[in-house]
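Survey of secondary and tertiary structure
What follows is each chain in one-letter form.
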Amino acid sequence: MMPRCAVDRPSAPAKRPAAAGRPAGRPRGARASARATVAVALAGLALAWAGHRGVAVGGELPTGDVVEIRIEGNKTVPEAKIRTKIVHTKVGRPLTRKGLQADHESLWNTRWFSSVTQKYTPAADNKGIIVFFIVEEMPLIQKLRFEGMTKLYRKDVEKSTQLKEGERADWRRATMAVATINSMYKEKGYEFARVELIKGGKPDDTEVHIRIFEGPKVTVGRVEFVGNTIFDDDHLRDKVVTGAKFWGLIRANFQRDIVEQDAQKLKDFYQGLGYLEVQVTPVVRSGATPGDQLLTFVISEGVQFKVRDVRIEGNTKIKSADLLKDLKLHSGQPFSDALREADLKSIQKKYRALGYMDFQIAAAPRYRKEPGVIDLLYHVEEGNPYRIGEIIVTGNQRTRRKVVLRELQMAHVFPGAEFNGDNIELAQKRLGNLRYFNMDPQGKGSKPIEIKTLNKRGPDQPYWEEDNGLNALGRSLQEQARFQSPDDAQGPAAGAAPEGPPAIAPLGDGPLAPGRGGDLAPIEPPAQPFAPPADAMPGNTAPVVPLPPGAPAPAPGPRPRGRAGRTPPLGAGEPPGSFPDLPGTNATDVGPDRNEPFPNRSFTSIAHAVDPGPDPRSYADLGVHVDEGQTGSFMLGVAANSYQGLLGNLVLNERNFDITKLPTSFADLISGNAFRGGGQQLRIELMPGNLINYANATFTEPYLFNQPIGFNLSGYGFTRTYPDFRERRVGMRTSLGYQWGTQTYMDVAFRVEDVTFNGFRTPAPADYLAASGHTLLATIRPSIRFDTRNDLYMPTRGSYAEAAFEQGWGNFTFSKFTVEGRQHFLLRSRPDGTGPHILTMRGFFGITGPDTPVYERFFAGDIRSMRGFYYRGVGPHVLGSNIGGLMSAIGSIEYQYPLMANDMLHQVWFCDFGTVDRSYQFSGLRAAVGTGFRVIVPAMGKMPIAFDFALPVSSVPGDHKRYFHFFVGTFW
C-alpha cells in the first residue's frame, strides 16, 4: 500500500483569480482534470518511492579514517558486486558526508534494493570508523505475463518497461509500465487500446500480470478541409502530417497528439499570412469500418489584417526615413511574417554594415480599434560600432592558415575592417563552400565551423597597443605576427608595427602548431558574445557562434598602426542562392560539346565592399575555429541520358590539394598529410561509355600568387561517336580568370589539341575530307559574363549573359564569336511564396569563319538546344551528313508551374525555334512545341530530373527528329 504523506499548507490559501473570459470556479475541462490527476499520482508515487528508498545517516560525522566497510542484509546479490558500487567511501580515507551520499545514490540506482541505509560506529580501539551499508533486496520477478498482447513484440515491451523475468521486481516499474505500453500502442495507431495492471503493484509481488485490450488499428482514410477559401485542399494537405501518402497507397496511423499538432501548424501557417484570428478545429468521424477515421479540419479564416502604420524607435545613428525606405511591409499591405522577417533583416543589415555587432531589433504588432488593422513598431537597440582586431585561427591541422585567411579577406573580413555581421556570415559560408571543414558533423568529437569575438575594447584601446586586454592569452604571446607565416623562425620585435594596410597582404602558408610560431594557449570565454543569441529578441539572426570550450588559439601579433587599406578585397555581398565557380574553371568546356548552344555553365560573383568611414571604432578580436573533414573522395557511378547514352564514371578528387607539400617519409603518405592543405584541387576522371570514352586530369589554383586570380590546367583525351562521324581529341587547356563586383566575371583560356576525325560514310562531303585524319588545333578564348540569377538549378528571377571570342590556329585558321542570354520571370506564386510560375526566355547566336573545321562548327538538337530533334540532328546536310553551321541562332520560350502542393513535380510547356546554317542567312527555320515534367527527388537535393516530349512543327529535309528527351542536372 502506498503510504500517506502530510504536506504543510497555509491555513488560509489565497483564492486564485479566475481566468479572463472564464467564470470563477468553472472547471477547465476534462484534459486539465486528467493532467491534475496524473500529477497527483506521480507526486504520490515519488513520495512513496522516497519512503522505501531509505536515507543516509544524519547528524554530525565523527572525524577519522574509515578502517572497515561492512555489507549487511544482502541475500542473493554477492557482496563483492555490491562493493564495486562503493567507490567514494574507502578504507584508509577520511569519512565524509559527500562520499556517503554519493555511495548511497550509487547503490540505490542499481535498482537491486528496496531500501538502502547507512550507519557508522567507532572501531574497538577508537582509532577509526566502521561504516555499515544495510540493504534490503528487491524480490525477483518469477513470472511476467502480458495478456492479450498480439500487436507488439514482447522484447520491445520488455526493453521499454525494463520488466523481465529473473530481474528485480519493482512495483514502481510495473506501475509505470502501464503508461509506457499504452503509449506504444498509441504510436502504432491503436487509439482504443487499454492497458491494466492486474498484479505486480505491491512491494512484495513477484509476479507481474498486465492485461491489454488492443482494439482495432485506427487509420486516417481521408483528410478534408472545410472553410478554406484562400488555399485549396491539396496545398493545406501538404502542411499536415496526418493523412494517406502516395495517392492513398499508405494510410497514416491516427494519433491524437499528431492531429493537434497539425491543427497548430495550419493555424501558424494562416497567421503568418496575416489571418491573425484564424481558428482551426480538428473533427474526427468514424468511417465504414471500426478502424477507419475521417479527419476534417474546420477552418474559420477570419479577416486578413493589414498594416496601417510602421514606426521605428530607438535609432540615433541612422535616420528613420533611411531605415523605412527599403521595407517590404508598409502601410496598406496585408501583414506577412515573411515580409516582416525580411524587413527585420533589412534594418539589421544596414546596422551590421556599419559595424554595430551588438545591434538588436524587435518587431511588436499593435492592434487597433478598427477590425483587421494593426501597427508595426520596430524597437532598435544600436549598441556600439566595432572594427576587427586580431584574427585567430585554430583547428587547421593540415590546411595552411592562408587558405582560411584568404576566404575571410574575400568576404571583407580582415584586421581593421568594420565588424560587419553579414560579412562574417558570408565568410562562414565561403569556408563551408570549400568543403574542407565539417559544417554539421555527426562524428564524435567533431565540431562545425565556429566564429566568435574575443576581447572587446573601447576606442581608447586601439588594437595595436600592447595592453589590449588579452589576459587569457598572456603577455608573452604578444610578439606573434598577425599574418606571420609559421615557417618564420621569429616574429617581429615587440611593439613593432608592420607598414602598409593589412588588406590583400601576402598570407602565411602553414597551419599554426606548437613549435611553429609559438605554443598555443587556451582561450577563456569572453565576457560578452559577438551578438545576442538568435532567440534573445525577435528578428535577431546573429550568425556567429562560440568557439568550443578550451579550443586552442594561436597568439595574436603586434597591433599594426593606421587604417585598413582603402582598396577592399573582393567577396562581400554574395547574392543568396548562388553557387560561384572557381575563377578560371568555367571559361571553356574541355568535353565534346563545346559548340552546343546553352552549355551547362554556372557562376556567381562574390565582390562587394564598404568604405570603412572616418569615425573611430572600438575593436574586438575574431576567433575562427575549423574542424577538418575528409577532402579526398573516390566515386564510382553509372549515368544515362538521351544524348550521351550509357556512361560509367570513375572519379578521384582531392579538393584541398597542395602541389608543394612533398612527402618527407612514407608515414606522410599513409597519414594523408602529404600533398594536402594548400587549397588547390586535383581531379582525375575516367568516363567509359557506349558513345563516349573520356579521361581528364585537372589541377586548379583558385588564388594564384595569393590573389583572387583563378588558374586552371587540364590534360584530357576523349573519343566521341556522333551520328555522322567519330572524333578523338587529346590535348591540354589552361585558363586565367578574375571576378569584378558581384555579377561580372572575365577570363581567358588557351587550348591545344590533336584531333582525329574519321568514321564517316562514303561518299563523304568535302568538309569531312578536309578535316579527316590528324589535325592540330590551338585556340585562345577571352570571355565576359554577367549573372544575376537567384538559383542555379531552378532560377525564378534574374538573368545570365555571356559574350566570347575565340581565335583558332593550326591546320585551320578561323575566328568565332558567340553570345547568349537567359532571362527568368516569376509570374506569380502562392501567398506563402511557394508554387512559382516561371517564364523563361533564352537565346543564342554564334558565327564563325568559313575555314572553320567541321568539328568546331555549330550543331543543335536535343534538350539543351532544340527539343524535337536528335542530338546534333539540326544543321546543314550534304550527302545525308550534317556538316555543321557557320551561323547558329537558337531561341526558346518555356512556362513552368507546379503540379503538386509540395512543389516536387512541375510541368513545362515550351516552344524551341531557330536555325543552324552553312551561310550567314537566316534560312531553314526549325520549330518544335511540347510539354514535359520536372521531378525533384529529395535525395538528389535541388537537382531536377527532366522528361520532355516535343513535336517538330517546322523542319528541313535531312533533320533527324526525336520526340522524347531525358536529362538529369542543370541544362540551362
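Structure's up top.
The structure presented is a predicted model; accordingly, all values stated were derived computationally and were not measured. (Residues numbered from 1 in each chain as written. Predicted model: local features only at pLDDT ≥ 70, side-chain atom pairs only at ≥ 80, totals over all residues. Heavy atoms only, no water.)

1. Focus: the overall build of the protein
Counting secondary structure elements, the protein contains 13 helices and 36 strands. For the protein, long-range pairs separated by at least 24 residues make up 67% of all intrachain contacts whose partners lie at least 6 apart in sequence. As presented, the protein carries roughly 46200 Å² of accessible surface, and 57% of it is formed by carbon and sulfur atoms. (Helix = DSSP H or I, 4+ residues; strand = E, 2+ residues; numbered from the N terminus. Contact = heavy atoms within 4.5 Å. Areas by Shrake-Rupley, 256 points an atom, 1.4 Å probe, with all protein chains shown as cover.)

2. Some details on helix α5 (residues 171-187)
Given a rise of 1.5 Å per residue, 17 residues ought to cover 24 Å, and the 25 Å separating the end C-alpha atoms of α5 matches this to within 8%. The largest bend in α5 is about 30 degrees, located at A177. For α5, the complete set of buried residues consists of W171, R172, R173, A174, A177, V178, I181, M184 and Y185. A positive phi of about 95 degrees marks G189, the residue just after α5. (Expected span 1.5 Å × (residues − 1). Bend = angle between axes of the 7 residues up to and from the residue. Buried < 20%, exposed > 50% of the residue type's maximum accessible area, 1.4 Å probe, protein only.)

3. Considering the sheet that holds strand β2 (residues 113-122)
Here we have 3 strands laid out as an open sheet, ordered β1-β3-β2, and mixed in their pairing. Across the chains shown, the open sheet's two edge strands, defined by having one partner strand only, are β1 (66-72) and β2. In this sheet, adjacent strand axes meet at a mean angle of 15 degrees when their direction is disregarded. Where β2 and strand β3 (residues 129-137) come together, 9 bridges link them in antiparallel fashion. From the neighbouring strand, T117 faces β3, where its bridge partner is I134. (Pairing = 2+ DSSP bridges. Axes fitted to C-alpha atoms, helices over the stretch in contact; angles between N-to-C directions.)

4. Some words on the pattern of salt bridges
Working definition: two side chains of opposite charge can pair if their charged atoms are close together. Evaluation of the coordinates by the stated rule reveals 44 salt bridges. Here E68 and R70 are joined by a salt bridge, their closest N and O atoms 2.9 Å apart. Residue class for E68 comes out partly exposed when judged on its relative accessible area of 30%. Between K816 and E856 there is a salt bridge, with the nearest N and O atoms lying 3.6 Å from each other. Taken together, the residues K816 in strand β28 (residues 814-828) and E856 in the loop between β29 (837-848) and β30 (877-878) connect sequence positions 40 residues apart. Taken individually, K816 and E856 each receive the classification buried, so the pair is uniform in this respect. Through salt bridges with shared partners, a single ionic network connects E727, R729, R751, E753, E806, K816 and E856. (Salt bridge = Lys/Arg side-chain N within 4 Å of Asp/Glu carboxyl O.)

5. Concerning the side chain of E628
Within the secondary structure, E628 is located in the loop between β18 (618-625) and β19 (632-641). One buried charged side chain, E628, makes no salt bridge at all; its nearest oppositely charged neighbour is R398, positioned 4.5 Å away. Here the side chain of E628 touches R398 through a polar contact of 2.8 Å, landing on its backbone nitrogen. Looking at E628, its side chain comes within polar contact range of the side chain of T399, at 2.5 Å. Excluding residues within four positions of it along the chain, E628 makes contact with G395, N396, Q397, R398, T399, Y436, F437 and N438. (Lys, Arg positive; Asp, Glu negative; His and termini not counted. Polar contact = N/O pair within 3.5 Å; in protein donor to acceptor, adjacent residues only side chain to side chain.)

6. As for the packing of aromatic side chains
Taken as a whole, this structure holds 28 aromatic pairs when the rule is applied. When the centroid spacing of 4.6 Å and the interplanar angle of 40 degrees are considered together, the rings of F725 and F757 count as tilted. Residue F725 is located in the loop between β23 (709-721) and β24 (726-740), and its partner F757 is located in strand β25 (residues 744-758); the two are separated by 32 residues in the primary sequence. Residue class for F757 comes out buried when judged on its relative accessible area of 0%. Ring centres 6.3 Å apart and planes at 45 degrees place the aromatic pair F757 and Y855 in the tilted group. You can see F757 sitting in strand β25 and its partner Y855 sitting in the loop between β29 and β30, a full 98 residues away along the chain. Assigned by exposure class, F757 and Y855 land together as buried. (Phe/Tyr/Trp six-rings, centres within 6.5 Å; stacked < 30°, edge-to-face > 60°.)

7. A few points about the pairing of β28
One ladder, built from 11 bridges, connects strand β27 (residues 798-810) with β28; its direction is antiparallel. Note on β28: the bridge partner recorded for Q807 is S815. As paired strands, β28 and β29 are joined by 12 bridges and run antiparallel to one another. Bridged to V819 within β29 is F845.

8. Points about the packing of helix α4 (residues 154-161) against α5
α5 packs onto α4 with a crossing angle of 125 degrees between their chain directions and a minimal axis gap of 9 Å. One way to sum up the angle between α4 and α5 is to call them oblique. Here α4 runs over α5; the crossing is right-handed. Listed contacts from α5 to D156, V157, S160 and T161 of α4 are R173, A177, T180, I181 and M184. Taken together, the residues of the contact of α4 with α5 sort by class into 4 nonpolar, 3 polar and 2 charged. (Parallel < 35°, antiparallel > 145°, perpendicular 65-115°, else oblique. Left-handed = near helix turned anticlockwise from the far one by under 90°. Nonpolar A, V, L, I, M, F, W, Y, C, P; charged D, E, K, R; others polar.)

9. Here's the deal with helix α3 (residues 97-109)
Its 13 residues give α3 an end-to-end C-alpha distance of 18 Å, which sits within 8% of 18 Å, the value for a rise of 1.5 Å per residue. Within two residues after α3, R111 carries a phi angle of roughly 60 degrees, on the positive side.

10. Examining the sheet that holds strand β13 (residues 373-381)
Strand order in the open sheet formed by 3 strands is β11-β13-β12, with mixed pairing between adjacent strands. The sheet terminates laterally at β11 (306-313) and β12 (360-367), the two strands that pair on one side only. For this sheet, the mean inter-axis angle between neighbouring strands, taken without regard to orientation, is 20 degrees. Both β12 and β13 contribute to a ladder of 8 bridges, which runs antiparallel. Bridged to Q360 within β13 is E381. On the sheet, helix α9 (residues 337-352) packs against β11, β12 and β13 and is oriented at approximately 25 degrees with respect to β13.

11. Description of a nonpolar patch on the surface
On the surface, a nonpolar cluster with roughly 520 Å² of combined accessible area is contributed by F825, L827, M841, I893, F913 and L925. On the secondary structure map, L827 appears in strand β28. (Patch = residues over 30% accessible without salt bridge, like charges linked within 9 Å, V, L, I, M, F, W, Y side chains within 5 Å.)

12. A word on unusual backbone geometry
Geometrically, the link from T762 to P763 is a cis peptide bond, its omega value of 0 degrees lying close to zero. Its location among the elements puts P763 in the loop between β25 and α13 (766-771). Phi is positive for Q162, close to 60 degrees, though the residue is something other than glycine. Its location among the elements puts Q162 in the loop between α4 and α5. Even without glycine at this site, H412 takes up a positive phi of about 65 degrees. Mapped onto the elements, H412 comes out in the loop between α10 (401-410) and α11 (421-434).

13. Quick notes on the nonpolar core
As a rule of thumb, nonpolar side chains are buried together in soluble globular proteins. I391, L408, V413, L622 and V624 are the most contacted members of the largest nonpolar core, which totals 25 residues. Here the element with the most residues in this core is α11; it accounts for 5 residues. The contacts of V413, once residues within four sequence positions are left out, are I388, I391, L408, N423, I424, A427 and L622. Ranked by size, the runner-up nonpolar core spans 21 residues in total, among them L276, L344, F359 and A363. (Core = buried A, V, L, I, M, F, W, Y, C linked by side-chain atoms within 4.5 Å.)

14. Things to note about the environment of A749
Summarising the element assignment, A749 is placed in strand β25. Residue A749 is classed as buried on the basis of its relative accessible area, which comes to 3%. Taking C-alpha positions, A749 is 8.5 Å from S783, a pair spaced 34 residues apart along the chain.

15. Notes on the side chain of E701
Topologically, E701 is positioned in strand β22 (residues 692-701). Here E701 occupies a buried position and makes no salt bridge, while the nearest side chain of opposite charge, R406, is found at 4.1 Å. At 2.8 Å, the side chain of E701 and the side chain of Q680 are in polar contact. Setting aside its immediate chain neighbours within four residues, E701 contacts R406, Q680, I709, G710 and F711.

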